[in-house]
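Each chain is listed here by its residues.
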Amino acid sequence: MNYTIYPRPLSGVINAPSSKSIMHRVLICASFSHGNTIIENPLYCYDTLMTMKALENIGVTFKKDDNKLIVYPPKQYKLHTDYIECGNSASTIRFLMPLYTKLFNSVVFKGDERLMKRIETEDLTEMPFEYYIQNNTITVSNIRTINNITIHNHNTSQLISGLLLYISIISKKNSIHLVTNNNELDPYIELTLDVLAHFGVVSEITHQDNLFTISINKHLTSIEDSFGRPTLKSCHYYIEGDYSSASNMLALGLLGDNVIVKNLFKTSKQGDKAFIKILESMNAEFQIGIDAVRAIKSNLTKTEIDLTYNPDLGPLLMGIASVSKGTTSIINYERLTLKESNRLTETINILKSLGANIEIKDDTILIHGKPMLEGGVTVDPINDHRLVMMIVALTNKYQERVTILNAECVNKSYPTFWEDYRKLKGVAVVSSTDEIMRGNNE
């Protein structure tokens, strides 16, 4: 479905969608827990539904009850299909590869062509299993017992989180050594450990320079420890709002009028909460409560941004910088090339088509801000949900209307995106192919 959006300042109050990152992790932990886990405020988007389907394929069952999801682990895990379908969900495949390979020794995961290109990175070569990629499938087998394994955090933290889930479920004690590009730990690894803590897993992090040691210890004496059966502690888990998705709505407030987003917790462990700090460095004004954030219309200015641990914010930050005063520089953006699309190339192309002034010089993205962007074009987001949301976040900064092709692809992470956009007084009109062609010929 194609939508045409019209320039205007937006304002109002919405609830942030539940966190996709947390939902994935909780679904997996709940599926390997003794007893049933109740997930409150669950997120049913494309990616999390793929993870649920993958878990159902080994015997896990789910029951939806109003705004709750009850997870029932099986007594024994059994692979019910010839392959695990992952579609275009990198989180699903990366989180589950170590676990499933241990359970079944050899497992075939299937995804679309883009997913297979995304997962074949140098990070994958360090994993403690054998793999073979062919015809949109990856066969993983012969996982080794992990004992103080050393890996690098090159392209993604999701494989590392998959290892942490694996060792937390199969053993009482274990550790991994993680080499980072700097002296910081990826916040999404910390998020994984935080979720695991709710399921009875104790972790300890020590480090010297860029070498981090993550030690796992389960104090669950009453729970059987043989893998093949549930080994974690069940719980009642509330899924908080997603900072990655909500940042687009907050941007509408900063660039338009005041917007309040509820269900965003001040104490959140989500890495993309960094959006607040980054925008404050651009002169953005927020009012931050215990469980809500208010974005106030602000005159934004240039800044310097490091995308090492926040690549999902990349397109939005590039878009915001294009309508902020001065020249913003962005470094460590390489992970953008490994997303649902090549977000580096596609974001730059889209913003240039909208009228932005962007260049790459000496491994730095330079964005020369302008008061307004021309707009007046039809944009193809290449089926990438983050690119759609970035385009929409700049609504009030277009001189002419903008048409977005395949705009429903936001369902991958934010199924209620267009509903929330309209709650903020945004105008999005369904556009037919004929109307788009006429507009392009005018």
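Going by the structure above, here's the rest.
Here goes a summary of the coordinates provided. (Residues numbered from 1 in each chain as written. Predicted model: local features only at pLDDT ≥ 70, side-chain atom pairs only at ≥ 80, totals over all residues. Heavy atoms only, no water.)

## Things to note about the sheet that holds strand S21 (residues 327-331)
Put simply, the rule is: Two strands pair if DSSP finds at least two bridges between them. Strands are runs of DSSP state E lasting at least two residues, helices are runs of H or I lasting at least four, and both sets are numbered from the N terminus onward. Here the axes come from fitting lines to C-alpha atoms, over the contacting stretch only for helices, and the angles between their N-to-C directions go from 0 to 180 degrees. Contacts are assigned to residue pairs that have any heavy atoms within 4.5 Å of one another.
An order of S20-S21-S23-S22 is seen for the four strands of this open sheet, with the pairing classed as mixed. Two strands in the sheet have a free side with no partner beyond their single neighbour: strand S20 (304-306) and strand S22 (357-361). Each strand of the sheet is rotated relative to its neighbour by a mean of 20 degrees, with strand direction disregarded. Pairing of S20 with S21, which is carried by three bridges, proceeds in the parallel orientation. In the sheet register, isoleucine 305 faces S21, and the bridge partner there is isoleucine 330. In the packing of helix H10 (residues 314-322) onto the sheet, the strands contacted are S20, S21 and strand S23 (364-368), and the crossing angle to S23 comes to about 35 degrees.

## So, helix H2 (residues 46-56)
Since there are 3.6 residues in each turn of an α-helix, residues three or four apart along the chain are aligned in direction. How we decide: Per-residue accessibility, obtained with a 1.4 Å probe over protein chains only, is compared with the maximum for each type, and a residue is labelled buried under 20%, exposed over 50%, and partly exposed between these values.
Listed as buried for H2 are Asp47, Thr48, Met50, Thr51, Met52, Ala54 and Leu55. Lining the buried residues of H2 we find helix H1 (20-31), strand S5 (61-65), strand S6 (68-72), strand S7 (84-87) and helix H3 (90-104).

## Let's talk about the sheet that holds strand S4 (residues 37-40)
Taken together, the four strands give an open sheet; going across it, the order is S5-S6-S4-S16, and neighbouring strands pair in mixed fashion. Edge positions in the sheet fall to S5 and strand S16 (236-238), since each has one partner strand and no second. Direction aside, neighbouring strands of the sheet carry axes that sit 20 degrees apart on average. Alignment of S4 against S16, held across three bridges, turns out to be parallel. The residue bridging glutamate 40 from the neighbouring strand is tyrosine 238, located in S16.

## Thoughts on the packing of aromatic side chains
What counts, and what does not: Only Phe, Tyr and Trp rings take part, Trp by its six-membered ring, and two of them pair if their centres are within 6.5 Å. Stacked means planes under 30 degrees apart, edge-to-face means over 60, and tilted covers everything else. Whether a charge sits over a ring comes down to the Lys NZ or Arg CZ being within 6 Å of the ring centre and within 35 degrees of the ring normal.
Counted according to the given criterion, the structure contains 10 aromatic pairs. Relative to phenylalanine 286, the ring of phenylalanine 275 lies with its centre 6.4 Å away and its plane at 70 degrees, an arrangement referred to as edge-to-face. Of this pair, phenylalanine 275 sits in helix H9 (residues 274-280) while phenylalanine 286 sits in strand S18 (residues 285-288), and the two are 11 residues apart along the sequence. Here the two residues phenylalanine 275 and phenylalanine 286 agree in accessibility, since each one is buried. Between the aromatic rings of tryptophan 418 and tyrosine 421, the centroid separation amounts to 5.6 Å while the plane-to-plane angle is 85 degrees, which identifies the pairing as edge-to-face. Highlighted residues: tryptophan 418 and tyrosine 421, both in helix H13 (residues 417-423), separated by three residues, approximately one helical turn. The two residues tryptophan 418 and tyrosine 421 agree in class, both being buried. Taken together, the aromatic side chains of Tyr3, Tyr414, Phe417, Trp418 and Tyr421 make up a single cluster linked through ring pairs. One cation-aromatic arrangement involves lysine 64 over tyrosine 44; the distance from NZ or CZ to the ring centre is 4.2 Å.

## Regarding unusual backbone geometry
The phi torsion at asparagine 105 lies on the positive side, around 70 degrees, for a residue other than glycine. Residue position: asparagine 105 is located in the loop between H3 and strand S8 (106-111). One non-glycine residue, isoleucine 382, adopts positive backbone phi at about 55 degrees. Mapped onto the elements, isoleucine 382 comes out in the loop between strand S25 (378-379) and helix H12 (385-393).

The analysis is restricted to geometry; functional conclusions fall outside its scope.
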